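# Chain and residue survey
Next come the chains, spelled out residue by residue.
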Amino acid sequence: MEHFYLITNQLKDEEYKVTNEIRDFIQENGKICTLAEVDSQGFILPNTIPKEIDCAIVLGGDGTLIRAARELLNHSIPLLGINLGTLGYLAEVELQDYKIALKRLFQDEILYEKRMMLHGEVKGNICSSNVAMNDIVITREGLLRVIHFNIYVNDILLNSYRADGVIVSTPTGTTGYNLSAGGPVVEPTASMIVITPICSHALNTSSIVLSAEDMIEIEILQGRYGKNEEAIVSFDGADIKRLQTGDRVVIKKAECVTRLVKLSKESFMKTMRKKMKGN
């Protein structure tokens, strides 16, 4: 690898001390390093991404890496995360180990993992679409109340729910909000979709694991006493759209994938055990 693209979470490295240190190390080893240009909100300016990038190095936590994956979606650039946060499953390199990790990149001693993504399309009062690496979440908006919705799988009604919302997760995303809501953890390179209701007002609140080839449709129904229901849908916790009664969100496996650089030979199960213990 010769050309590296450095993406920094400015909240975790405000003065770019770590960023500049890593950039200098890359350049001292005869490689090219380009710092990502961002706007006032930290989003990468789309017309500034170099055409020939061998690897994007993301400084931050899992959230920073997920955001970078979505912003670089159309560039087919593999990503390596250097963890400046706390608990993280995606940013596998700890800051104190960055030199060892980068030297392996310089020598191409790496493997890649492909992580599936989800494509979601909002149909209704407002039509839009987006992708998610972790999850697509539909939740209530406003007052503390449940929302009423139907879930269809391949055009067949799966169930009706009254709940705080629902999480539709990739295997990568199962260690995030899905896990907090009581959903199962899935090996991240698997190909499947997990549906987990959020605080469902029913006896059966179990998650449902589906094939990655299934199509999921979530329909917002009327609220209590026939009132118009209001909800929101978010993609990886961002790109929030408002929903109302009659709106539908169609979710399926995205055609694109995220490529992560894999340096550690440690199994996912061992990594998860260490993270859960806080070690």
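In short, a report on the structure. (Residues numbered from 1 in each chain as written. Predicted model: local features only at pLDDT ≥ 70, side-chain atom pairs only at ≥ 80, totals over all residues. Heavy atoms only, no water.)

Any two packed helices are characterised by how steeply their axes cross, that is the angle between the axes, and by the distance between the axes. At their nearest, the axes of helix 1 (residues 17-28) and helix 3 (residues 98-106) sit 11 Å apart, and the two run at 35 degrees to each other. The interaxial crossing formed by helix 1 with helix 3 has right-handed handedness. Mapping the contact onto sequence places E21, I22, F25 and I26 in helix 1 and Y98, K99, L102, K103 and F106 in helix 3. For the contact of helix 1 with helix 3, the per-class residue count stands at six nonpolar, no polar and three charged. (Axes fitted to C-alpha atoms, helices over the stretch in contact; angles between N-to-C directions. Helix = DSSP H or I, 4+ residues; strand = E, 2+ residues; numbered from the N terminus. Left-handed = near helix turned anticlockwise from the far one by under 90°. Contact = heavy atoms within 4.5 Å. Nonpolar A, V, L, I, M, F, W, Y, C, P; charged D, E, K, R; others polar.)

Both strand 9 (residues 147-153) and strand 10 (residues 156-163) contribute to a ladder of seven bridges, which runs antiparallel. Bridged to V153 within strand 10 is I156. (Pairing = 2+ DSSP bridges.)

If you walk through the whole model with that rule in mind, you get zero disulfides. The structure places no disulfide on C256, whose sulfur is separated from the nearest cysteine sulfur, that of C55, by 18 Å. (Disulfide = S-S within 2.5 Å.)

Turning next to helix 1. Between the first and last C-alpha of helix 1 there are 16 Å, a value that for 12 residues agrees with the 16 Å anticipated at 1.5 Å per step. Residues of helix 1 that are buried in the fold lie against strand 1 (3-8), strand 2 (32-35), strand 3 (55-60), strand 4 (79-83) and helix 3. Just beyond helix 1, the residue with positive phi is G30, at close to 80 degrees. (Expected span 1.5 Å × (residues − 1).)

A cluster of acidic residues, E52, D54, D108 and E109, forms a negative patch at the surface. Along the chain, D108 falls in the loop between helix 3 and strand 6 (111-123). Classification of D108 by relative accessible area gives partly exposed; the value is 48%. (Patch = residues over 30% accessible without salt bridge, like charges linked within 9 Å, V, L, I, M, F, W, Y side chains within 5 Å. Areas by Shrake-Rupley, 256 points an atom, 1.4 Å probe, with all protein chains shown as cover. Salt bridge = Lys/Arg side-chain N within 4 Å of Asp/Glu carboxyl O. Lys, Arg positive; Asp, Glu negative; His and termini not counted. Charge placed at Lys NZ, Arg CZ, Asp CG, Glu CD. Buried < 20%, exposed > 50% of the residue type's maximum accessible area, 1.4 Å probe, protein only.)

Oppositely charged side chains may form a pair once their charged atoms are brought near each other. Scanning the entire structure with this criterion turns up 11 salt bridges. The salt bridge partner of R67 is E71, with a shortest N-O separation of 3.7 Å. Placement of both R67 and E71 in helix 2 (residues 62-71) is noted, with a separation of four residues, approximately one turn of the helix. For E219, the salt bridge goes to R248, with nearest N and O atoms at 3.3 Å. With E219 in strand 14 (residues 216-220) and R248 in strand 17 (residues 248-262), this residue pair connects regions lying 29 residues apart in the sequence.

What follows is about helix 3. Three or more residues of helix 3 are buried, namely Y98, A101, L102, L105 and F106. Mapping the buried residues of helix 3 onto a view down its axis gives an arc of 145 degrees, with all of them on the same face. Backbone geometry just downstream of helix 3 places D108 in the positive-phi region, at approximately 60 degrees. (Arc of directions from axis to C-beta.)

Looking at the secondary structure, you find D24 in helix 1. Each C-alpha atom of the pair D24 and K253 lies 39 Å from the other, and the pair is 229 residues apart in sequence.

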